[in-house]
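Letter by letter, the chains look like this.
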Amino acid sequence: MVDIEGIDQNNIPNHVAIIMDGNGRWAREKGHERIFGHLNGVEAVRASLKAARKIGVKFLTLYAFSTENWNRPKEEVDALMDLLVKTIVEEVKDLHENKVKLRAIGSLDSLPEACRKELDEAVEQTKDNGEVELVLALSYSARWEIVEAIRKIAASDVKSEDIDESLVAEYLATRDLPDPELMIRTSGEQRISNFLLWQIAYSELYFTPKFWPDFREDDFYDAIRDYQRRQRRFGKTSEQVIIPEQE
Ligand code: IPE
Ligand code: IPE
Ligand code: MG
């Protein structure tokens, strides 16, 4: 763990989720096609992963492609899928060397064959790594995930009286991930866009106007510092939270 100024090492979120937004606007501002923004977003992914590893964040979930993003123009979707394949192929060695375990959540069967293949291989290759888990949300939407969970529960022999929050969580794509303590969204939009709706019930939300391709290590640390200034109350009073002995 690296000491970063102003960051309390005893209060590092275990799981950070990021809505990587603003690639298209970043590119258009520079007079380029939207895909140029996606290409430049890869550096921000590297920077965030590096920052997460440095301070000891154990799970980093990145919203890379939503179910709704399939409705974008075909050229953009194709370019994004090509970029995904290319990035996985290029990065897998580094990920492995850095002991990163790669995973993906979402309707992965909807991905083009080549994408699915590279993704499966990278997941397989890094499956025994444990330092940090990089979770890519691909063809993911929280409502899709919840509907899938309900379908599976309905098809199982679970009795209705045995359905509780922990059982539902077991049927979600994130079943073996802790809920994110912190969710970051870039690009100035202040919405969730169908990401991890169940899991962010008590997450701290951090919005930055920066477009994703400009997001760097220091921006990640800014979000962590901001998170560390918050008081997480989970419905209790602030007095109860400050003096846990009185719980
Ligand atoms: C985020 O950037 C990347 C994906 C959704 C795949 P956008 O492509 O949404 O960029 P903006 O929000 O249009 O600027
Ligand atoms: C959310 O961004 C999805 C990803 C970052 C992958 P969008 O750009 O698709 O979200 P909206 O449409 O602005 O809400
Ligand atoms: Mg967007």
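Rules of the game
- Along each chain, the written sequence defines residue order, and numbers are assigned to residues from 1.
- Chains carry letters and ligands carry numbers; both start at the beginning, A for chains and 1 for ligands, and go up in the order they are written.
- Residue-level local features of this predicted model are given only where pLDDT is at least 70; pairs of side-chain atoms are given and counted only at 80 or more, and the full residue set underlies all totals for whole chains, interfaces and linings.
- Side-chain measures here rest on the full set of heavy atoms in the structure, leaving out hydrogens and waters.
- Strands here are runs of E lasting at least two residues and helices are runs of H or I lasting at least four, both read from the DSSP assignment and numbered beginning at the N terminus.
- Each radius of gyration is computed over the set of C-alpha atoms, and the globule rule expresses the reference value as 2.2 Å times the number of residues to the power 0.38.
- For every residue, the accessible area obtained with a 1.4 Å probe (protein chains only) is divided by the maximum for its type, and the residue is called buried under 20%, exposed over 50%, and partly exposed between those limits.
- We call two residues in contact when some of their heavy atoms are within 4.5 Å.
- Throughout, near means a residue has at least one heavy atom within 4 Å of the molecule or strand.
- Pairs of N or O atoms are called polar contacts if they sit within 3.5 Å, as long as, within protein, a hydrogen donor faces a hydrogen acceptor (for residues adjacent in sequence, only side-chain-to-side-chain pairs).
- Exposure was quantified through the Shrake-Rupley algorithm and a 1.4 Å probe, taking into account, for residues, occlusion by the shown protein chains and nothing else.
- Definitions used throughout: a 1 Å grid over protein atoms alone; a cavity as a set of points that fits a 1.4 Å probe which cannot get out; a pocket as an open set with protein on both sides within 12 Å along at least five of seven lines; a lining residue as one with an atom within 4 Å of a point.
- To qualify as sitting in a cavity or pocket, a molecule needs more than half of its atoms within 2 Å of the grid points.
- Under the grouping applied here, Gly and all other residues not named as nonpolar or charged are polar, the nonpolar ones being Ala, Val, Leu, Ile, Met, Phe, Trp, Tyr, Cys and Pro and the charged ones Asp, Glu, Lys and Arg.
- Here an angle of 0 to 180 degrees is reported between the N-to-C directions of two axes, which are lines fitted to C-alpha atoms, with helices fitted over the stretch in contact.
- Angular relationships are summarised with four words: roughly parallel below 35 degrees, roughly antiparallel beyond 145, roughly perpendicular across 65 to 115, and oblique for the angles in between.
- Each crossing gets its handedness from the near helix: less than a right angle anticlockwise from the far helix is left-handed, clockwise is right-handed.
- One less than the residue count of a helix, multiplied by 1.5 Å, gives the span that helix is expected to have.
- The reported bend at a residue is simply the angle between two axes, fitted to the 7 residues ending at it and to the 7 residues beginning with it.
- Grid points are joined across faces, edges and corners, and a volume is the space filled by probe spheres set on the points.

Q: Outline the overall build of the protein, supporting the account with residue identities and numerical values.
A: On a plain count of helices and strands, the protein comes out with 8 helices and 6 strands. Listing the helices and strands of the protein from first to last along the sequence gives β-α-α-β-α-β-α-β-α-α-β-β-α-α. A compact globule built from 247 residues should have a C-alpha radius of gyration of about 18 Å, and the protein, at 19 Å, falls within 12% of that. Here the protein, with 247 residues, has 46% of them falling under the buried criterion. In the protein, once contacts between residues fewer than 6 apart in sequence are set aside, the share between residues at least 24 apart is 76%.

Q: Tell me what's going on with the site of ligand 1, and back it up with residues and numbers.
A: In the vicinity of ligand 1, 13 residues are found, and the nearest of them are D21, G24, R25, R34 and R72. Note that an oxygen atom of ligand 1 is positioned 2.9 Å from one of the backbone N or O atoms of G24. Taking 370 Å² as the accessible area of ligand 1 by itself, protein coverage stands at 87%. Counting atoms within 2 Å of the grid points, the majority share of ligand 1 lands in the largest pocket. Taken together, the residues that form the shell around ligand 1 break down as 3 nonpolar, 5 polar and 5 charged.

Q: Lay out unusual backbone geometry in plain terms, naming residues and giving numbers.
A: A positive phi angle, close to 85°, is found at S187, a residue other than glycine. Mapped onto the elements of the fold, S187 is located in the loop between β5 (182–185) and β6 (204–207). Phi is positive for S193, close to 50°, though the residue is something other than glycine. Counting through the fold element by element, S193 comes out in the loop between β5 and β6.

Q: Report on the packing of helix α2 (residues 34–55) against helix α7 (residues 217–228), specifying residues and quantitative values.
A: Contact geometry of α2 with α7 gives a least axis separation of 8 Å together with a crossing angle of 50°. Taken together, the axes of α2 and α7 lie oblique to each other. In the packing of α2 onto α7, the handedness of the crossing is right-handed. Taking contact as the criterion, the partners of A47, S48, K50, A51, A52, K54 and I55 in α2 are, on α7, E217, F220, Y221 and I224. Grouping the amino acids of the contact of α2 with α7 by side-chain chemistry returns 7 nonpolar, 1 polar and 3 charged.

Q: Give me the lowdown on the site of ligand 2, citing residues and values where you can.
A: Around ligand 2, a shell composed of I19, M20, D21, Y63, A64, F65, S66, N69, R72, R185, R191 and S193 is seen. Between an oxygen atom of ligand 2 and a side-chain N or O atom of N69, the distance comes to 2.9 Å. Here an oxygen atom of ligand 2 sits 2.7 Å away from a polar atom, N or O, in the side chain of R191. Among the cavities detected, the one that contains ligand 2 is the largest pocket. For the shell around ligand 2, the element with the highest residue contribution is strand β2 (residues 59–66), accounting for 4 residues. Taken together, the residues of the shell around ligand 2 break down into 5 nonpolar, 3 polar and 4 charged.

Q: Account for helix α3 (residues 74–97), with residues named and values stated.
A: For α3, which comprises 24 residues, the first-to-last C-alpha distance of 35 Å matches the rise-based estimate of 34 Å (1.5 Å per residue) to within 8%. Along α3, the largest kink reaches about 45° and is centred on E91. Among all positions of α3, only E76, V77, L80, M81, L83, L84, V85, T87, I88, E91, V92 and L95 are buried. Packing partners of the buried residues in α3 comprise α2, β2, β3 (100–105), α4 (113–125) and β4 (132–140).

Q: Describe the layout of surface pockets, naming the residues involved and giving the relevant values.
A: Here the largest pocket defines a volume of roughly 1,100 Å³. Forming the boundary of the largest pocket are 43 residues, of which M20, V45, Y63, A64 and W212 lie nearest the centre. For the lining of the largest pocket, the secondary structure elements donating two or more residues are α1 (23–29), α2, β2, α3 and β4. Of the residues in the lining of the largest pocket, the class split is 20 nonpolar, 10 polar and 13 charged. Its boundaries defined by the atoms lining it, the second largest pocket holds a volume of some 160 Å³. Lining the second largest pocket are E165, D179, P180, E181, W198, Q199, A201, Y202, S203, R232 and F234. When the residues that make up the lining of the second largest pocket are grouped by side-chain class, the tally is 5 nonpolar, 2 polar and 4 charged.

All we've got here are geometric facts, nothing functional implied.
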